[in-house]
Amino acid sequence: MTAQDLEKLLQEMSLEEKVGQMVQLSPAVYGKDSVITGPAGEVALTEEKTALIGSLLGTGDPEVIRRIQKEAVARQPHHIPMLFMLDVINGDQTIFPINLALGCSFDPDMAERTASIAAREASAAGVHVTFAPMLDLVRDARWGRVMESPGEDPTLNARIGEALVHGFQGENVGEPGRVAACLKHFAGYGAPEGGREYDNVELSEQTFRNDYLTAYQAAVDAGCRMAMTSFNTLNRVPSSANRVLCRQILRGEMGFDGVLISDYAAVEELISHGIAADRREAAKLAVEAGVDIDMMTTCYLDNLPDLVRSGEVPEALVDEAVRRILRLKNDLGLFENPYKDADAAAVQNVWCCDAFRKEARASAPETFVLLKNKENLLPLDVDTGDGSGGGEKILFAGPYLDSHALYGSWSFPNHPEEIPTLRERLEQRGDGRFLYARGCGMLPDKTVLTDHPLSDLTPAQNVEAVDAACRLAAEADRVVLFLGEHIRQTGEGASRTSLRLPEPQMELLRRVSAVNRNTIAVLFTGRPLVLREVEQLAGAVLCVWRPGTEGAQAILDVLFGETEPSGRLSMSFPRAEGQEPLYYSRFQGGRPRFSASDPKAYRIGYIDEDYWAYHAFGAGEGYTRFSYSPVSLSAAKLCGADPDRAGTDASGAAAQITAAVTLTNTGRRRGTEIVQMYLRDRTGSVVRPVRELKGFRRVTLDPGESREIPFVIAEPMLRFIRLDGTFGSEPGLFDVYIGHDSTTDNSAAFALV
Ligand code: GLC
């Protein structure tokens, strides 16, 4: 349809019809099953009201979608098709590593490929919009949803976020194999007090704008078609009723002109927040804030027509919302083809096809972070079956040995039982030197993580399992333990006060490592963990996050050295839970930091732990070693006055500075390094972080190979929200750091003039 046709349609629609477009419910209203991702309130609709609903969430079944769409188009007074939306967060049926792991890849191109595959699988299922990417900045590992975010750094999150938007949407969401993306959760949901799920968020203007808006802005600039308001209050105003946030900032300053949807029941929850007296006021506040679609409640459906007729809400607010919704449906091509790509036959050839599984297998090792590898316990030195007999006997054990659940929450595989387990992939290698043991339960028996206690091994059964594992460990040359959080310990509604592995697993590690010092721990987790004891007991520690459909194979590819783990931490690992929230780009402060190795009074930090992280942002090892030359600069002065001017001015100030290092692979095998570039603004009108990531590059070199790695520094990279609230740079001295992780001291200085 043309814009004129859309406008004509809008003018012809009744008020009830228009409000119906602003409502999203689950397919249950059409009597169909769906994935319920929030409190499932009872919604009883009349036939007439059901016919007006504008979108549904929670199904990725092409037959269900086609059936509902056919019925909906027939019943809707102007035959307006529905939008179908789904949480395709880490992939649809081919499941990729969680986004926190994607952040560790520092590889936006790979992230884009995974999103493009997810879009092809989801659109073939009939999905039009995915509720992704989640780009909340996360700096508190106690929060369960850190697994959905690329991590703690604004620049890295921005690069990954824009890549995901491009992967989902392509150049035109109406093309086959594309879906509209939805940036979420706007805004600041990743900073709840205490890491407590859904709790209040208090952020200063500088912190909010300098750090928390960056990735959302990148997604807007990438053309993201939707945004979702967050559950939380931001400085005491819930996002779904926050006009400043949603109209002035998101639409006015950031330039977002897409559809704004509330999070699940967030409009009605304005009552519980104490910002609305009842559902009618909740509807009024939300539509005034600019929320276009009310997800999973009927606050709009039941109240907006009357609010408009009574003159309390201008019909123009309804019209602007519906205009955006109709424009999205039109850009998806739904008026011409309400079913878009939904095809029950084709989808069977698309879902989990070999090419997609291959990408899932190749991408996962880029996200794995090798946190420790003392004495080079990894890769495993196992006989390749050529009869040389030189191999070692290896015990594989732990609760993840036989688990299919190698994926993140927000994954809805139709056949999870078909996801290969580690034992299955190991047995396919057909190597007689492998031993197997369960080792222990995932959790203490009767742990309550859901609505009912989870059954696991009893204490007595755990003792038996550990004893059995120890007997085999005694005869093995090496031991690999597959350990980690239970899948229900991570994701939405899974904030934790403890960041440690479940106790049965720690007991297994303690006992086995006492019998065999060549013990390797492979960790499945959706968050940073407290690993001090794990790393005291295990000779090697490999963090594989939640690697997805081909996770087992990818892990074996790394354990046996077919490929290397090349991820670097996108979120700091703490020494203790008490350090949270924790992130590298902190402020210098007025005094030295506390160090346990040099304890002195009146220091910044704690008296019982070092100040800094146990594993820093950007940290991680591979299977080779790299050396860095000192940082070289193409000029000592950067011109701030006219950043678009080429060359240098009379004072010798350059419009751009190139900072470079020469990187050398000093090891014995080909490997990948993630070269990281940080900047520090030594003085400012407000205090400035000790350093901030401004560039990164994945570099693969052969043994002995050297390469110059340049980074261009320009004045816009130095801008921030200054004391007077304006956004810009300030003259002065800067340090540029280029190295292996956020602790590098390989630096050079320049001046902005
Ligand atoms: C959930 C989540 C949100 C998700 C939505 C729809 O509660 O907060 O991320 O997209 O509901 O499932």
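Residues numbered from 1 in each chain as written. Predicted model: local features only at pLDDT ≥ 70, side-chain atom pairs only at ≥ 80, totals over all residues. Heavy atoms only, no water.

A.B. asks: Would you explain the overall build of the protein in this entry?
C.D. replies: The number of helices and strands found in the protein is 21 helices and 29 strands. Projected onto its principal axes, the C-alpha positions of the protein cover 80 × 70 × 45 Å. A total accessible area of about 27,400 Å² is found for the protein, and carbon and sulfur atoms account for 49% of it. One finds the centroid of the 78 positive side-chain charges in the protein at a distance of 4 Å from the centroid of its 106 negative side-chain charges. (Helix = DSSP H or I, 4+ residues; strand = E, 2+ residues; numbered from the N terminus. Areas by Shrake-Rupley, 256 points an atom, 1.4 Å probe, with all protein chains shown as cover. Lys, Arg positive; Asp, Glu negative; His and termini not counted. Charge placed at Lys NZ, Arg CZ, Asp CG, Glu CD.)

A.B. asks: Which parts of the structure should I look at to understand the site of the ligand?
C.D. replies: Lining the immediate surroundings of the ligand are 14 residues, of which Thr37, Asp87, Arg145, His185 and Asp263 lie closest. In the environment of the ligand, an oxygen atom lies 2.8 Å from a nitrogen or oxygen atom belonging to the side chain of Lys184. At a separation of 2.6 Å, an oxygen atom of the ligand approaches a polar side-chain atom of Asp263. For the ligand, the accessible surface in isolation is 310 Å², of which the surrounding protein chains cover 100%. Of the residues that constitute the shell around the ligand, the class distribution is seven nonpolar, two polar and five charged. (Near = heavy atom within 4 Å. Polar contact = N/O pair within 3.5 Å; in protein donor to acceptor, adjacent residues only side chain to side chain. Nonpolar A, V, L, I, M, F, W, Y, C, P; charged D, E, K, R; others polar.)

A.B. asks: Any chance you could explain the layout of surface pockets here in plain terms?
C.D. replies: A probe as big as a water molecule, rolled over the atoms, marks out the empty space that is left. Considering only enclosed or pocket space, the largest pocket measures out at about 900 Å³ in volume. If you go around the largest pocket, you meet 36 residues; those closest to its centre are Thr155, Ala158, Arg159, Thr214 and Lys694. Those elements giving two or more residues to the lining of the largest pocket turn out to be helix 7 (154-169), helix 8 (205-212), helix 9 (214-221) and strand 24 (692-701). Counting residues per element, the lining of the largest pocket draws most heavily on strand 24, which supplies seven residues. (1 Å grid on protein atoms, 1.4 Å probe; cavity = no way out; pocket = protein on both sides within 12 Å on 5 of 7 lines; lining within 4 Å. Points joined across faces, edges and corners; volume = space filled by probe spheres on them.)

A.B. asks: Please explain the sheet that holds strand 4 (residues 129-130) as it appears in this structure.
C.D. replies: The strands making up a sheet associate through hydrogen bonds between their backbones, and the pairing can be parallel or antiparallel. An order of 4-3-2-1-10 is seen for the five strands of this open sheet, with the pairing classed as parallel. Strands with a single pairing partner mark the edges of an open sheet, and in this sheet they are strand 4 and strand 10 (294-295). Alignment of strand 1 (residues 23-25) against strand 10, held across two bridges, turns out to be parallel. Within strand 10, the position partnered with Gln24 by the bridge is Met295. (Pairing = 2+ DSSP bridges.)

A.B. asks: Please clarify how the sheet that holds strand 13 (residues 434-437) should be interpreted in this entry.
C.D. replies: Across the sheet, which stays open at both edges, the six strands sit in the order 11-18-17-16-12-13 with mixed pairing between neighbours. Two strands in the sheet have a free side with no partner beyond their single neighbour: strand 11 (369-373) and strand 13. Strand-to-strand twist of the sheet, defined as the mean angle between neighbouring strand axes without regard to direction, takes the value 20 degrees. (Axes fitted to C-alpha atoms, helices over the stretch in contact; angles between N-to-C directions.)

A.B. asks: In this structure, what is going on with the nonpolar core? I would like to understand it.
C.D. replies: Across soluble globular proteins, nonpolar side chains have a tendency to be buried as a group. Residues Met22, Phe168, Phe186, Phe208, Ile261, Tyr300 and Trp545 are the most contacted members of the largest nonpolar core, which totals 163 residues. When residues in this core are grouped by element, the largest group, seven residues, is from helix 14 (residues 315-331). In this structure, Phe186 is in contact with Leu213, Tyr216, Met228, Thr229, Ser230, Ser239, Leu245, Ile249, Leu250 and Met254, ignoring residues within four places of it in sequence. Of all hydrophobic cores here, the second largest spans 33 residues; its members include Leu380, Phe396, Ile520 and Phe560. (Core = buried A, V, L, I, M, F, W, Y, C linked by side-chain atoms within 4.5 Å. Buried < 20%, exposed > 50% of the residue type's maximum accessible area, 1.4 Å probe, protein only. Contact = heavy atoms within 4.5 Å.)

A.B. asks: I keep staring at the pattern of salt bridges and nothing clicks. Help me out?
C.D. replies: Proximity of charged atoms lets side chains of opposite charge pair with each other. For the coordinates displayed, the defined rule picks out 64 salt bridges. Residue Asp319 is joined to Lys18 by a salt bridge in which the shortest nitrogen-to-oxygen separation is 2.7 Å. Remark: Lys18 occurs in helix 2 (residues 15-21) and Asp319 occurs in helix 14; sequence separation between them is 301 residues. By the burial criterion, Asp319 is buried, and Lys18 matches it. Where Arg209 meets Glu205, a salt bridge forms, and the shortest distance between an N and an O atom there is 2.5 Å. In this pair, Arg209 and Glu205 are both assigned in helix 8, four residues apart and thus about one turn of the helix distant. (Salt bridge = Lys/Arg side-chain N within 4 Å of Asp/Glu carboxyl O.)

A.B. asks: What should I look at first to understand the side chain of Gln505 in this one?
C.D. replies: Within the secondary structure, Gln505 is located in helix 19 (residues 503-515). Looking at Gln505, its side chain comes within polar contact range of the main-chain nitrogen of Gly484, at 2.6 Å.

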